[in-house]
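# Remarks on the overall topology
Take a look at the letters that make up each chain.
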Amino acid sequence: MVFRRREKRSVLENLREAVWPRSGWGRAFQYVKHRVNRLPDRPHRIARGVWAGVLVSFTPFFGFHFLSAAAVAWIIRGNILAALLATFFGNPISFPIIAVFSVKLGHYILGGRLDSGHPEGLLRTFQAASHDLLHNFWAMFTPDHAEWGGLERFFTDVWLPYLVGGIAPGIIAATICYYVSLPIITAYQNRRRTRLKERLEKIRAKIKRDDKNGEKKPRE
């Protein structure tokens, strides 16, 4: 193929690119911002899509952020493509901050307590959930019984607090991004519309000049 990469990247290189792009997250953010500004839709619909994508970034629906963002954008009549692009608000840099803050806030709202002084407890919760997932998968093909203790603990200690605690900061961050992106998108589209109009007027003026010059030439 014409556009195939000459040297195939290793698994470690792909992981490194996912965590930290070669051009940096600043360049990636500028690219997403540029793509959002150039979307062919009304500014308020694009801004609604941004709101949906940022909100979903604060939820623990990992692997389903695109589908969730598209669904929320469709419900509020926002631009679905803008919602998909806005999910990049959640990235390897921001996710740890979002996750820790949301889980702590969720425990506070639910009346529980997260023992942040012992991270090995949280690590054991993830390990127990992973063990149950793997065990239950093989249990479908063996006489073993399914185990749900680790998954239940993960649900009550991590997933549910994450979901509950991520709603409020998600709405706040999404609303801020909405009001920030709306005037930027509007100004960008107006400036782009003005440039296109000026370019069209120049083309029309050039055509008129060519027509006049053609009429002034003597007939042979």
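So, how was this worked out
Residues numbered from 1 in each chain as written. Predicted model: local features only at pLDDT ≥ 70, side-chain atom pairs only at ≥ 80, totals over all residues. Heavy atoms only, no water. Helix = DSSP H or I, 4+ residues; strand = E, 2+ residues; numbered from the N terminus. Expected span 1.5 Å × (residues − 1). Buried < 20%, exposed > 50% of the residue type's maximum accessible area, 1.4 Å probe, protein only. Salt bridge = Lys/Arg side-chain N within 4 Å of Asp/Glu carboxyl O.

As recorded in an unreviewed UniProt entry, the protein goes by DUF2062 domain-containing protein and comes from Thioclava arctica.

## A closer look at helix α3 (residues 43–56)
The end-to-end C-alpha separation of α3 is 20 Å, in line with the 20 Å expected for 14 residues at 1.5 Å each. Across the 14 residues of α3, 10 count as buried, placing the element largely inside the fold. All of the buried residues along α3 are P43, I46, A47, G49, V50, A52, G53, V54, L55 and V56.

## Some remarks on the pattern of salt bridges
Under the defined criterion, the tally for this structure stands at 1 salt bridge. The partner of R153 in a salt bridge is D157, with the nearest N and O atoms 3.6 Å apart. Of the two residues, R153 and D157 both sit in helix α8 (residues 149–216), 4 residues apart, roughly one turn of that helix. Residue classification places D157 among the partly exposed positions, given a relative accessible area of 28%.

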